[in-house]
Amino acid sequence: MAPPPSNTGLLPRVCRGLTFCRPALTRSLFFSAFSLLTLGLLPPARAQGDGPERRRRHYNSQARPYYRGPVRFTVGGGVGLYSGDLTSGLSNQFPGGSVSLGILYKVRPHWHVGAEAGYFQIGAKDYLGAERGNQAFRGRNVAGVTFLRYEPLHDEGAFADPRRPAALIKPYLKAGVGLLLYNPRAYVGTTRPDQSTTFLPPERQDYPALALVAPVGAGLTFRLSRKLNASLEGAYHFTTTDQLDDISPVGGRSSSDLNDGYGLVELKLEYAPWGR
């Protein structure tokens, strides 16, 4: 009997940092990890007909009762901005669009946990211009993050026995951690790329590559109705890569080895289908 085929060729070959050498495997790991994190945030299923809002009361340190939840589904859109070797200000940016989908869940007054997946494009031209060869880049990226959100102001609407109407406007802070799939393309030019643009050879052969990302940000939530909120949010994302722009000392295109980052400014809708 012939021996079973070896699966040695299926094993991932690990490259530097957190990146795997096979793009298909990298994408699979990214989406699997994000799916597990997202499912972990969902509350346990309730008896049929009760709905997610059929919850027991919890109490804070002042013995005020509150409910956990509701689950809110979020959708957002906005703009992505790059921070790295090439830029010294907004004048060097080629801002791109961003979209996001996520979930948000209140665990106690002031505190929420959430998860979000997003796609965004960023780009920039070199602020040094011809001194460094008029380098530029365009990056199309996907990120998945889990985060903690804190609302510093008191809101009676967070309690089961509100003594005043719910707040109409609430500021918040957020911080989290996640994964980033980044896919940059560098070129020589001072404008956005078009069909005639010739891109430079990539610094590495395994794009889209995987990196860790840590977002920190702030926002304002506007109460539109019992079930619907709108939030205006800005967040900066620290990354573990210097190749978000495909321009680094690895390829001799830059002398700086500082990690790149990016910012997102988005308007989001937060909908609670089971909210009371």
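Before reading further, recall that the structure is shown in the block above.
Residues numbered from 1 in each chain as written. Predicted model: local features only at pLDDT ≥ 70, side-chain atom pairs only at ≥ 80, totals over all residues. Heavy atoms only, no water.

Remarks on the sheet that holds strand β4 (residues 96–108)
Part 1 of the reasoning: Reading around the circumference, β3-β4-β5-β6-β7-β8-β9-β10 is the order of the 8 strands in this closed barrel, with antiparallel pairing throughout. For this sheet the average axis-to-axis angle between neighbouring strands, irrespective of direction, equals 25°.
Part 2 of the reasoning: Two elements, strand β8 (residues 209–223) and strand β9 (residues 228–239), share 11 bridges in a ladder whose sense is antiparallel. Considered in β9, the bridge of arginine 223 is made with asparagine 229. (Pairing = 2+ DSSP bridges. Helix = DSSP H or I, 4+ residues; strand = E, 2+ residues; numbered from the N terminus. Axes fitted to C-alpha atoms, helices over the stretch in contact; angles between N-to-C directions.)

Quick notes on the environment of proline 184
Part 1 of the reasoning: Of note, proline 184 is situated in strand β7 (residues 169–188).
Part 2 of the reasoning: Sequence separation between proline 184 and proline 202 is 18 residues; the distance between their C-alpha atoms is 8.3 Å.
Part 3 of the reasoning: Setting aside anything within four residues of it in sequence, one finds proline 184 in contact with Phe137, Arg138, Gly139, Tyr207, Gln243, Leu244, Asp245 and Asp246. (Contact = heavy atoms within 4.5 Å.)

A word on a nonpolar patch on the surface
Part 1 of the reasoning: A contiguous nonpolar surface patch, about 990 Å² in accessible area, is contributed by Val75, Leu101, Leu168, Ile169, Leu220, Phe222, Leu224, Leu232, Val265, Leu267 and Leu269.
Part 2 of the reasoning: Considering each element in turn, the nonpolar patch owes the most residues, 3 residues, to strand β10 (residues 261–271).
Part 3 of the reasoning: Mapped onto the elements of the fold, leucine 232 is located in strand β9.
Part 4 of the reasoning: According to the relative accessible area criterion, leucine 232 is partly exposed, its value standing at 46%. (Patch = residues over 30% accessible without salt bridge, like charges linked within 9 Å, V, L, I, M, F, W, Y side chains within 5 Å. Areas by Shrake-Rupley, 256 points an atom, 1.4 Å probe, with all protein chains shown as cover. Salt bridge = Lys/Arg side-chain N within 4 Å of Asp/Glu carboxyl O. Buried < 20%, exposed > 50% of the residue type's maximum accessible area, 1.4 Å probe, protein only.)

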